[in-house]
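Structural description and commentary
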Amino acid sequence: MNGNQIILQVEKLTKRYGDKEVLKDASFSIRKGELKILIGPSGGGKSTLLQCINFLVRPNAGRIFLDGREVLYSRKRDLYAYRQKVGMIFQDFNLFDHLTALGNVEIALVRVKKMSREEARMRASAELDRVGLKDHMEKYPAQLSGGQKQRVSIARALAMDPKVMLLDEPTSALDPELISEVLSVIRDLRANGMTMIMSTHQISFASEMADEILFMEDGIIVEAGAPKKLFARAECQRTREFFMKIAEIYGESR
Amino acid sequence: MEELFFIQGEVAPALWKGLLVSFRLIVPSALFGVVIGVFVGVLRVFGNPFVAGLANTYVALFRGFPLVVQLFIWYFGLPHIGIYFTPYGASVIAFSLCSGAYHSEYVRGALLSIKRGQMLAAQALGFSKVQMIWSVVLPQAFRRALPGCGNEIVYLIKYSSLAYMITCIELTGQGKIIASETFKYTEVFMIVGAVYLVLTSFASWGLHHLESRFRIPGFQHYGM
Amino acid sequence: MMESLAAIREALPYLLQGSLVTLGLVAGALGLGLVVGTFLAVGQVYGSSWVRRLVFLYVWFFRGVPLLVLLFLFYFGLFTFFQINISAFTASVIVLGLISAAYQSQILRGSILSLPEGQMKAAKALGMSNVQGIFLIILPQAFRLSVPGWSNEYSIVLKDTAVSYALGVMEVMARAHFVASRTYEHLPLYFTAGVIFLILTYGGTKALRVLEDRVRIPGYSQR
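Calculation criteria
Residues numbered from 1 in each chain as written. Chains lettered and ligands numbered in written order. Predicted model: local features only at pLDDT ≥ 70, side-chain atom pairs only at ≥ 80, totals over all residues. Contact = placed C-beta atoms within 7 Å. Helix = DSSP H or I, 4+ residues; strand = E, 2+ residues; numbered from the N terminus. Nonpolar A, V, L, I, M, F, W, Y, C, P; charged D, E, K, R; others polar. Pairing = 2+ DSSP bridges. Buried ≥ 20, exposed ≤ 12 C-beta atoms within 10 Å, placed from the backbone. Axes fitted to C-alpha atoms, helices over the stretch in contact; angles between N-to-C directions. Parallel < 35°, antiparallel > 145°, perpendicular 65-115°, else oblique. Left-handed = near helix turned anticlockwise from the far one by under 90°.

At the interface, 21 residues of chain A touch 19 residues of chain C. Of all the secondary-structure elements, those providing two or more residues to the side of chain A that touches chain C are helix H2 (76-85) and helix H3 (101-111) of chain A. The element that contributes the greatest number of residues to the side of chain A that touches chain C is H2 of chain A, accounting for four residues. Per-class residue counts for the side of chain A that touches chain C are 11 nonpolar, five polar and five charged.

Here you go:
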């Protein structure tokens, strides 16, 4: 994992709504193949941070570097090209309701990447097969379970060949028995070397899979470190308090 | 430029006369329309099947026939069976009955949206059907029906212009007369249009105001 | 009584031909209204503040001025002011269409606003431009949601076409009056005209219900 080059670097991202600062000076970097997980109380800025990275939310200050080059988002065309390289998975799936699963994966390939219909279809089928949905390709989102919807959404993002994937609480809207199917897909992605930044409340998954955990509260990255460290010997008081509470609830002790 | 003022001198009084006729058309028609609408709406929801059926037929006919057709029937058609109305009379009757049918739709919707439980409670307390409708249902239904019925009155202001087609000379009719004499169609009808715009805007604003005044906290949306 | 029925039977073909004119007016008006209305709705939801103001003005104007006044203004005014000569039919289609656009834009706007925010976000996250997001993702869904509203709009525009009689367009009502003034069978003929409109309304709303079923997305009930 170390020795790989830095794929994404985020420097002092700040976002204000009126006079409320929801994200303050967030900085971190991630190397190829790493999985970094954002953990913290709701409203702590995790979602805002992720959405600032692909500029769905325009940060008030800060810089972002992809593969060492600064991302300038003033020109629309550059912004769209950048977004193709950064995949996003939403808590609410956000599948296009008027298209089948196959259609959802194909549409960006045809319209944004300008592939031919046949190529797009082949690629889309392959991606859906990869996430285990070969038999559900012609179904519409309303006919799929939550877990299946999220897997389609992962296939949709993967088909774009992104350099890094952002996952915004991918399992928070799922019924408990459906969470594991999505987590196992994410595990496979990890095993195949995808670079990912994910926010989640799934503590055991985080402690098992993350290269680094970033604890966020009130818009600040309070502390960042390896899972073992944060769980047992965190440096900040607040971090220790949080993880102790978590350990109580989830019965973790590492 | 003087031409403009000269025209205003000639045009304005005639248009004003027409506007007065328009008011005399709109106000009674609006009032009758609402009364008919409430009455028919109540019949459709609370009446026995026969009465409700009659009411529904009335509504289907008077919403299905274009207003122009209805106007022609009252003014040109009825003389056929010996009933004669003045252009004004025929217009008010046509507007009231047509408008009433549309009002009854909104009233009906509002009545149906009142939670059944309240009516059961009223009956358990010993209210008669009429008392229940008057004291419990209508006050709430009124608020729910207000936007729809208010809108219908705005429509009436616009459609009053059709009285011209059965020779009742209101604002639009006067405009047409003046315009055909002077050939200043654009100018005249821009003024006429502006007057209607003021009337409808005023009515919409008034409706909005009424809606706020009668708002009950938490009681916004239709049906539950 | 018998003469009335005979008069109706004789006039019927002539009246029914008029219904073709009526349907032509409706089709033209709804079509124009759809195109213009879509642009207005998109402008109102996604445009800059002055675009929104312009749309608001347009909607306010075309919903506030009576149809008859607009017909006169457009048909006669255009001729006397700009020396442009168009047929009464064309003028009626244009005016009816522009008015319908104002109403249709509000229907479509409501549908667009009822879609979850996430749809556009997902489109953007995949790298789509705003335009692509609107036309590929938002509008296909918004149109489907608007079909019930269009049913209503169809029946309103259908009845409004009778007003074009004032410009001399020979649609159903005009023809009924023409025959009536010759045969004096006013009441039966106007009643027949009304029934024709009823049938056209019923047929149209039935057809739109079929359309609604056809374009329904499987599994998608009401929002």
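All names here are of chain A. Strand order in the open sheet made by the four strands is E2-E1-E4-E5, with antiparallel pairing throughout. The open sheet terminates on both sides in strands that have one partner only, identified here as strand E2 (20-31) and strand E5 (69-70). Examined bridge by bridge, strand E4 (residues 61-66) and E5 share two bridges and lie antiparallel to one another. Bridge pairing in E5 links Phe-65 to Glu-70.

So, on to the pairing of strand E7 (residues 164-168) of chain A. Residues and elements named next belong to chain A. For E7, the buried fraction is high: five of the five residues fall into the buried class. Sheet topology places strand E6 (residues 86-89) next to E7; four bridges connect them, and they run parallel. Residue pairing across strands places Met-88 opposite Leu-166, the latter belonging to E7. Alignment of E7 against strand E8 (residues 195-199), held across five bridges, turns out to be parallel.

The next point concerns the interface of chain C and chain B. The interface is formed by 28 residues belonging to chain C together with 33 residues belonging to chain B. Secondary-structure elements contributing two or more residues to the side of chain C that touches chain B are helix H2 (49-64), helix H3 (67-82), helix H7 (172-183) and helix H8 (186-214) of chain C. Here the side of chain C that touches chain B gets nine residues from one element, more than from any other, and that element is H8 of chain C. Residues belonging to the side of chain C that touches chain B are distributed by class as follows: 20 nonpolar, seven polar and one charged.

Another aspect to go through is the packing of helix H1 (residues 2-46) of chain C against H2 of chain C. All names here are of chain C. Where H1 meets H2, the closest approach of the two axes is 8 Å, and the angle between their N-to-C directions is 135 degrees. With respect to H2, the element H1 is oriented oblique. Between H1 and H2 lies a crossing whose hand is left-handed. Residues Leu-40, Gly-43 and Gln-44 of H1 form the contact with H2, whose own contacting residues are Val-51, Arg-52, Val-55 and Tyr-58. Class assignment for the residues of the contact of H1 with H2 results in four nonpolar, two polar and one charged.

All names here are of chain A. Where H3 meets helix H5 (residues 146-158), the axes come as close as 8 Å, and the angle between the chain directions of the two elements is 25 degrees. Between H3 and H5, the crossing angle belongs to the class labelled roughly parallel. In the packing of H3 onto H5, the handedness of the crossing is right-handed. Residues Ala-101, Asn-104 and Val-105 of H3 touch H5, and the partners they reach there are Val-152, Ala-155 and Arg-156. For the contact of H3 with H5, the residue count by class is four nonpolar, one polar and one charged.

Note that every value here comes from positions in space, so none of it alone points to a role or purpose.
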